[in-house]
Amino acid sequence: MPTPFRKMHGAGNDFVILDARQTPLPISEAGARWLADRNRGVGADQIIRLENAPDGDVFMRILNPDGSEAGACGNATRCVARILFEETGSETGVIQTISGLLPARVSAPGLIEIDMGPARLGWQEVPLAHEADTLHLDLSEGAVSDPAACSMGNPHATFFVDDPWALPLDVIGPRLEHAAIFPDRANIGFAQIVSPEHIRLRVWERGAGLTLACGSGACATLVNAHRRGLTGRRAAVELPGGTLTITWREDGHVLMEGPTALSFMGELDAALLDA
Ligand SMILES: N[C@H](CCC[C@H](N)C(=O)O)C(=O)O
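Residues numbered from 1 in each chain as written. Predicted model: local features only at pLDDT ≥ 70, side-chain atom pairs only at ≥ 80, totals over all residues.

Per an unreviewed UniProt entry, the protein chain goes by Diaminopimelate epimerase and derives from Rhodovarius crocodyli. Per its UniProt entry, the protein chain bears the Pathway (unreviewed entry) comment "Amino-acid biosynthesis; L-lysine biosynthesis via DAP pathway; DL-2,6-diaminopimelate from LL-2,6-diaminopimelate: step 1/1." Among the UniProt annotations of the protein chain, the heading Function (unreviewed entry) holds the following wording: "Catalyzes the stereoinversion of LL-2,6-diaminopimelate (L,L-DAP) to meso-diaminopimelate (meso-DAP), a precursor of L-lysine and an essential component of the bacterial peptidoglycan." (UniProt positions renumbered as here; feature names shortened; annotations may be inferred.)

(A) View of the overall build of the protein chain. Along the backbone of the protein chain there are 4 helices and 19 strands. Over its C-alpha atoms the protein chain spans a radius of gyration of 18 Å, differing by no more than 12% from the 19 Å that the globule rule assigns to 275 residues. Projected onto its principal axes, the C-alpha positions of the protein chain cover 50 × 35 × 30 Å. Here the protein chain, with 275 residues, has 46% of them falling under the buried criterion. (Helix = DSSP H or I, 4+ residues; strand = E, 2+ residues; numbered from the N terminus. Rg over C-alpha atoms; globule rule 2.2 N^0.38 Å. Buried ≥ 20, exposed ≤ 12 C-beta atoms within 10 Å, placed from the backbone.)

(B) Spatial organisation of helix 2 (residues 74-88). The end-to-end C-alpha distance of helix 2, which contains 15 residues, comes to 21 Å, matching closely the 21 Å that a straight helix rising 1.5 Å per residue would cover. Most of helix 2 is tucked away, with 11 of its 15 residues classed as buried. All of the buried residues in helix 2 are Gly74, Asn75, Ala76, Thr77, Arg78, Cys79, Val80, Ala81, Arg82, Ile83 and Leu84. (Expected span 1.5 Å × (residues − 1).)

(C) Expanded view of the packing of helix 2 against helix 4 (residues 215-227). In contact at an axis separation of 5 Å, helix 2 and helix 4 are set at 125° when each is read in the N-to-C sense. It follows that helix 2 is oblique to helix 4 by the angle criterion. Along its contact with helix 2, which presents Gly74, Asn75 and Thr77, the element helix 4 presents Gly215, Ser216, Ala218 and Cys219. Partitioned by chemical class, the residues of the contact of helix 2 with helix 4 number 2 nonpolar, 5 polar and no charged. (Axes fitted to C-alpha atoms, helices over the stretch in contact; angles between N-to-C directions. Parallel < 35°, antiparallel > 145°, perpendicular 65-115°, else oblique. Contact = placed C-beta atoms within 7 Å. Nonpolar A, V, L, I, M, F, W, Y, C, P; charged D, E, K, R; others polar.)

(D) Fine view of the UniProt feature "active site" (unreviewed entry) in the protein chain. UniProt tags Cys73 and Cys214 as "active site" (unreviewed entry). Spatially, the listed residues are clustered: although they cover 142 residues, their C-alpha atoms lie within 7.6 Å of one another. For Cys73, a count of 30 C-beta atoms within 10 Å corresponds to the buried category. If we skip the residues at most four places from it in the chain, Cys73 touches Gln46, Ile62, Gly215 and Ser216. Classification of Cys214 as buried rests on a count of 35 C-beta atoms within 10 Å.

(E) Just the domain arrangement of the protein chain, in detail. Taken domain by domain, the protein chain comprises domain 1 (2-115 + 259-274) and domain 2 (118-258). Each partner contributes to the interface: domain 1 provides 27 residues, whereas domain 2 provides 25 residues. Of all the secondary-structure elements, those providing two or more residues to the side of domain 1 that touches domain 2 are helix 2, strand 7 (100-108) and strand 8 (111-118). (Domains from an automatic or database assignment.)

(F) Main features of the site of the ligand. Among the 20 residues in the neighbourhood of the ligand, the closest are listed as Ala70, Asn75, Asn154, Gly215 and Ser216. At the level of secondary structure, the elements contributing two or more residues to the shell around the ligand comprise helix 2 and helix 4. When its residues are assigned to classes, the shell around the ligand shows 6 nonpolar, 11 polar and 3 charged. (Near = placed C-beta within 6 Å.)

(G) Layout of helix 3 (residues 169-177). By the burial criterion, the buried members of helix 3 are Gly173, Leu176 and Glu177. Here the buried residues of helix 3 occupy an arc of 100° about the axis, which is enough to place them on one side. Of the exposed residues in helix 3, the ones pointing more than 90 degrees away from its buried face are Val171 and Arg175. (Arc of directions from axis to C-beta.)

(H) Up close: the nonpolar core. Core analysis: the biggest nonpolar cluster contains 74 residues, and Val80, Ala218, Cys219 and Leu222 have the highest contact counts within it. Once you skip the residues sitting within four places of it in the chain, Leu222 turns out to touch Ile199, Thr231, Ala235, Val237, Ile246 and Trp248. (Core = buried A, V, L, I, M, F, W, Y, C linked by C-beta atoms within 7 Å.)

Here you go:
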């Protein structure tokens, strides 16, 4: 049964997007692994499945290449918003995830802004394995130490470093992702503060590894940087794949603005998704 898919990316963070609003598309862990595989499948950082939304305009299910489900994916949320806007002819909408309702709008030509919801700062919200000060975690690996942590609906830890490019992220990334303090694992950001309005960031993503961009990671990094007094409430977050503009509003919500792109459309055998 040929099933259409979209291959999209936001600042180089790439996705296979399937539409299950008309017909169920069960995806097993093996199916997600196959689909995300850059040699045997289509290849992607995450698999996104569109579903009918009980409250929003569309529900997005977020699966990592290892089959784990995530509570947030900022870059994919912009891509889903673009699909929604093309379908409705509107420039606003609400995307629903397991973490809540995310208002979306076209903020400028070629740019979409998502209200990613509130940053969650409590240790149980990240979550952490035990009570701790989320502004300064007692965690180190190699040359990095003392991260801040928060949740954007998914767990993030941010290390502030001199140069994210001078670190062996392929070595320290997985060790930190699986650190005992993170019972659900965590996405790990390595951030250089260039100025109070400019951050350079690389992210080792939970369940995915190094990606060219991480939208929720950019949000968590700005929040953690402001909490540390290192930036204002708004900054350009420069990732390897592109730059996102992040604002931490006084009401606690985090706005993320950035680009989207449709790389290609394709068809696949849905039976392979649930093998
Ligand atoms: N790996 C993340 C999900 C994708 C996040 C990222 N692609 C984004 O744009 O926010 C997690 O397991 O929480």
